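Listed below, chain by chain, are the residues.
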Amino acid sequence: MPRILLVEDNEMNLDMLSRRLRRKGYEVVIATDGEAGVTMAGSERPDLILMDMSLPVLDGWESTRRLKGTPETAAIPVMALTSHAMAGEREKAIGAGCDDYDTKPVDFERLLLKIEALLKKQEKA
Amino acid sequence: MKVWLPKLVARAPFTVHTKLIGAFFAIVALLIIFGLVVIQVLSGINRRSEELSQLRRKVGAFRQLQHDTTAQIYGVTSALLSPEERMIESALRQLHEFRYDLERLQFVTRDEVELFGRIKIEHEQLIQMITNVVELTRAQEYKKANDLRLTKIVPLADTLERLTNEMVNRAEADMEAKVDESNRAHMTSRWVVIGFAVGSIGLAILLGYAVSSSLMGPVMLMDERLRQIASGDFSKHVEVPNRDELGTLADNLNRMNNELRDLYQQIEAASRHKSDFLSNMSHELRTPLNAIIGYSEMLTEEAEDRDQKDFIPDLQKIRASGRHLLELINDILDLSKIEAGKVELFPETFDVKLLIEEISGTVQPLIEKNSNILAINCADNLGDMYADITKVRQILFNLLSNACKFTELGTITLDAVRDCSEDAAWLSVSVTDTGIGMTEEQMEKLFQPFSQADIQIARKYGGTGLGLAITRQFCEMMGGDIKVRSEFGRGTAFTMRLPMAAPHPEGDIVSLIASDGSSKSA
Ligand SMILES: Nc1ncnc2c1ncn2[C@@H]1O[C@H](COP(=O)(O)OP(=O)(O)O)[C@@H](O)[C@H]1O
Ligand SMILES: [Mg+2]
């Protein structure tokens, strides 16, 4: 089953998303700040990364930029989770190298569809 | 001079009133001086012409004398040639006239006493001689008379003629000199008058210029400054050299500028705080809401898995309320961002038909909720559009969700066409429903924030009355518009129109975003 790295600092979001993803059969590894996320991506080699944008230590944009700048992790698709509040956040996420984005609070069904689509694309490549 | 004179006038520590009166009196004084000069010149001309006419009279008198002398000699001669009493009488009469001439001469030649004295003596002698000749003629001593005439009268007459000639010549020379002098004086006085006129006009103009530009300059400066203040530029002060009322006015203007600037900054700060507060608050509200929605969804799934279906309706109510609250928060946030001018457009190219299909998928649950049917008619030539897809999606979603909300057991139709008019291509989308419709009155309040058709509707259908306000703002921001047609009880049709190609934003978005992102992490 695909392995997903979830980088999220909010405890409840982390708990909820990881439990729901696991229930859908995914293997979930977690990190609670940007730097840990970048390190985990190198060591755990996930198939997909779900990245919150407002993170401590290293924010989501910079983390993504680092992931995409490192050859070993560059190929891993990154899905940004942005909050509706910030104007242009989506564009910023794409600009930082994210492959797709979804807004928080997440619509779980929609998120699953997007995850599957990204994974399928990854397999083909 | 162009600059320093008005400045000098401006700096003068007098009131504008004093300056104006001063300038006025200066001009009046110039006029009076000019008048005096003209009077002076005129009286000079007058005097000279008087002198000239006196000379003319003098010359006339001399000529008369000359003429009379000749006539006299002629008279005596003819009296001798034909010594009748009549001729003698006439010669004597002429002698009398001669006396008048002399008297007249005496009057006009007061200045030439010596010459006149000589003429007079000669004349006395001539008269004496002629009287003698006449007496001799009467005594019929013609020979003696003729001798006397030849030896005395003729030489006397010659001398007299020379003398009078001299007088006439001298007087004529005098006259010529006078005429010359008068011509010269005329020229001089003409130049004096012209000079004075030009001088005083110049002076008056200069004075007027200096005074008026010392007043108008600051007024224009202040007008310009006020214009800038009106357009929100508080960064400058107006500097005027005036030490009069205008100076005070400029000081007050600058004070007002500062007050307004401070006030403006306070307001700006307040409004920034307000929108910061709103965006922070909505972020903070969203986080727990996230959990409420997420956990209620999770519990629903779990309840399904564990076959505990009786919990499900309650869990769904929690979830629906959470979603509703989320929508409200998003709407309020959107509106406050629009009001603060913080909404940016991020145009991109996308397929219109795909977007419409995606949205129809999203609203499917809402359609089914009130047992409605959704019909979609997309023209074949819709093609690609360059616009902010998030905003277009939000507009269409708002219109469709309203149609669903206010329609039961009806049909909701979406018509999308590409129409080319006004030199541009437009996307025109109508959302038509067969729902409750609106009265004219209700339609008037449409598109205003927090305006719902009426209290009953608000109570029955919920909502905030923000959706359409946001929708219209987005439409206008993207260069389009939105219109409504509705019939109470029959249905409603909203039609929105957007340009197919939004103007490209300045600069490159991606690079802008990249630099923004890096500065954030630094
Ligand atoms: N399709 C429609 N049919 C009838 N009334 C409508 C329709 N769309 C909007 N309205 C009226 O306009 C009001 C404002 O709509 P909106 O701004 O979307 O706010 P909300 O949906 O939150 O009430 C609604 O409350 C309703 O009275
Ligand atoms: Mg609405």
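Look above for the structure.
Residues numbered from 1 in each chain as written. Chains lettered and ligands numbered in written order. Predicted model: local features only at pLDDT ≥ 70, side-chain atom pairs only at ≥ 80, totals over all residues. Heavy atoms only, no water.

**Quick look at the overall build of chain A**
Defined as follows: Under the DSSP-based scheme used, a helix requires at least four consecutive residues in state H or I and a strand at least two consecutive residues in state E, with every element numbered from the N terminus. Residue burial is assigned from relative accessible area. The probe radius is 1.4 Å, only protein chains are included, and a residue is buried under 20% of its type maximum, exposed over 50%, and partly exposed in between. The contact definition used throughout considers only heavy atoms, calling two residues in contact when any of these lie within 4.5 Å. Per-residue and other accessible areas were derived by the Shrake-Rupley procedure at a 1.4 Å probe size, with only the shown protein chains allowed to occlude residues.
When you go through chain A residue by residue, the secondary structure sums to five helices and five strands. Expressed as a percentage of its 125 residues, the buried residues of chain A come to 54%. Pairs at least 24 apart in sequence give 59% of the contacts found in chain A among residues at least 6 apart. Carbon and sulfur atoms make up 52% of the accessible area of chain A, which amounts to about 5400 Å² in all.

**Observations concerning the side chain of arginine 323 of chain B**
To be explicit about the condition: In this tally, Asp and Glu contribute negative charge and Lys and Arg positive charge; neither His nor the terminal groups of the chain are included. For this document, the term salt bridge refers to a Lys or Arg side-chain nitrogen within 4 Å of an Asp or Glu carboxyl oxygen.
For arginine 323 of chain B, the position within the fold is in helix α7 (residues 312-339). Buried within the structure, arginine 323 of chain B lacks any salt-bridge partner; its nearest side chain of opposite charge belongs to glutamate 297 of chain B, at an N-O separation of 4.0 Å. For arginine 323 of chain B, the residues in contact, after removing those within four places along its chain, are Pro105, Val106 and Asp107 of chain A together with Ile293 and Glu297 of chain B.

**Some words on the interface of chain A and chain B**
Accessible area lost upon the coming together of the parts serves often as the stated size of an interface. The cut-off we apply is this: Here the quantity called buried area is the accessible surface, traced with a 1.4 Å probe, that two parts lose on coming together, added over both. Whenever a nitrogen or oxygen atom comes within 3.5 Å of another N or O atom, the pair is scored as a polar contact, on the condition that within protein one atom can donate a hydrogen and the other can accept it, and that pairs from neighbouring residues in sequence are kept only if both atoms are in side chains.
With 27 residues of chain A in contact, the opposing surface of chain B contributes 32 residues. Carbon and sulfur atoms make up 52% of the surface buried where chain A meets chain B, a total of about 2800 Å² over both sides. The tally of links from chain A across to chain B stands at four salt bridges. The partner of arginine 23 of chain A in a salt bridge is glutamate 301 of chain B, with the nearest N and O atoms 3.6 Å apart. Where chain A meets chain B, there are seven residue pairs in polar contact (both at pLDDT 80 or more). Breaking the side of chain A that touches chain B down by element, the ones donating at least two residues are α1 (11-23), α3 (60-69), α4 (89-96) and β5 (100-104) of chain A. Ranked by residues supplied to the side of chain A that touches chain B, first place goes to α1 of chain A with seven residues.

**Thoughts on the packing of helix α4 (residues 113-138) of chain B against helix α5 (residues 142-230) of chain B**
Residue and element names in this part refer to chain B. For the record, the criterion: With axes taken as lines fitted to C-alpha atoms, and helix axes fitted only over the stretch in contact, angles between N-to-C directions fall between 0 and 180 degrees. Should an angle lie under 35 degrees it is considered roughly parallel, over 145 roughly antiparallel, and from 65 to 115 roughly perpendicular; all remaining angles are considered oblique. In this scheme, a crossing is called left-handed if the near helix is turned counterclockwise away from the far one by less than a right angle; it is called right-handed if the turn is clockwise. For this classification, Asp, Glu, Lys and Arg are treated as charged, while Ala, Val, Leu, Ile, Met, Phe, Trp, Tyr, Cys and Pro are nonpolar and the rest, including Gly, are polar.
In contact at an axis separation of 9 Å, α4 and α5 are set at 160° when each is read in the N-to-C sense. Relative to α5, α4 is oriented roughly antiparallel. Read as a crossing pair, α4 and α5 show a hand that is left-handed. In the contact of α4 with α5, the residues fall into 17 nonpolar, six polar and seven charged.

**Side note on helix α2 (residues 34-44) of chain A**
Residue and element names in this part refer to chain A. Worth spelling out the cut-off: By arc we mean the arc of the directions from the helix axis to the C-beta atoms, nothing more.
Of the positions making up α2, those classed as buried are Gly34, Gly37, Val38 and Ala41. Along the axis of α2, the buried positions cluster into a sector of 100°, meaning they face one direction only. Residues Thr39 and Ser43 are exposed on α2 and point more than 90 degrees away from its buried face. On its buried face, α2 sits against β1 (3-7), β2 (27-31), β3 (48-52) and α3. In this structure aspartate 33 caps α2, since a side-chain oxygen of it lies 3.0 Å from the backbone nitrogen of glutamate 35. Backbone geometry just after α2 places arginine 45 at a positive phi near 50°.

**Things to note about the side chain of arginine 497 of chain B**
Considering the arrangement of structural elements, one finds arginine 497 of chain B in strand β7 (residues 491-499). Apart from the residues lying within four places of it in its own chain, the contact partners of arginine 497 of chain B are Asp419, Ser421, Glu422, Trp426, Leu427, Ser428, Gly480 and Asp481 of chain B.

**Details of the site of ligand 1**
Residues and elements named next belong to chain B. Note the threshold: If a single non-hydrogen atom of a residue is within 4 Å of a molecule or strand, that residue counts as near it.
Taken together, 21 residues are adjacent to ligand 1, and Asn402, Asp433, Gln452, Thr464 and Leu468 come closest. Contact between ligand 1 and asparagine 402: an oxygen atom at 2.8 Å from a side-chain N or O atom of the residue. The protein chains hide 96% of the 540 Å² of surface that ligand 1 would expose on its own. No other element matches the three residues that helix α9 (residues 389-405) contributes to the shell around ligand 1. Along the lines of polarity and charge, the residues of the shell around ligand 1 split into 10 nonpolar, nine polar and two charged.

**Concerning the sheet that holds strand β5 (residues 424-433) of chain B**
All names here are of chain B. So the rule is basically this: Here the rule is simple: two strands pair whenever DSSP picks up at least two bridges between them.
Across the sheet, which stays open at both edges, the five strands sit in the order β2-β4-β5-β7-β6 with mixed pairing between neighbours. Each having just a single partner strand, β2 (373-378) and β6 (481-487) make up the two edges of the open sheet. The mean inter-strand angle of the sheet, taken between neighbouring strand axes irrespective of direction, is 15°. With eight bridges connecting them, β5 and β7 associate as antiparallel partners. Bridge assignment links valine 429 to a residue of β7, and that residue is methionine 496. Sheet strands touched by helix α8 (residues 352-369): β2, β4 (411-421) and β5. Its angle to β2, the strand with the most contacts, is close to 175°. The sheet strands contacting helix α12 (residues 467-477) are β6 and β7, and the helix crosses β6 at an angle near 140°.

**Considerations on the pattern of salt bridges**
Applying the stated criterion across every chain yields a total of 33 salt bridges over all chains. Residue aspartate 262 of chain B pairs with arginine 261 of chain B through a salt bridge whose shortest N-O separation is 3.7 Å. A relative accessible area of 36% places aspartate 262 of chain B in the partly exposed class. As a salt-bridge pair, arginine 319 of chain B and glutamate 297 of chain B come within 2.7 Å of each other at their nearest N and O atoms. Note that arginine 319 of chain B is positioned in helix α7 and glutamate 297 of chain B in helix α6 (residues 245-305), a separation of 22 residues in sequence. Among the charged side chains, a salt-bridge network with shared partners connects Arg20 and Arg23 of chain A together with Glu297, Glu301, Glu302, Arg306 and Arg319 of chain B.

**Structural notes on the sheet that holds β1 of chain A**
Residues and elements named next belong to chain A. Pairing is parallel in the open sheet, where five strands are placed in the order β2-β1-β3-β4-β5. Looking at the sheet topology across the chains shown, the edges are occupied by β2 and β5. Strand-to-strand twist across the sheet, computed as the mean angle between neighbouring axes with direction ignored, equals 20°. Of the pairings in the sheet, the one linking β1 to β2 comprises five bridges and is parallel in character. Across the sheet, residue leucine 5 finds its bridge partner in β2, namely valine 29. Strands β1, β2 and β3 of the sheet are contacted by α2, whose axis makes an angle of about 145° with β2. Contacting β3 and β4 (78-83), α3 crosses the sheet at an angle of about 155° to β3.

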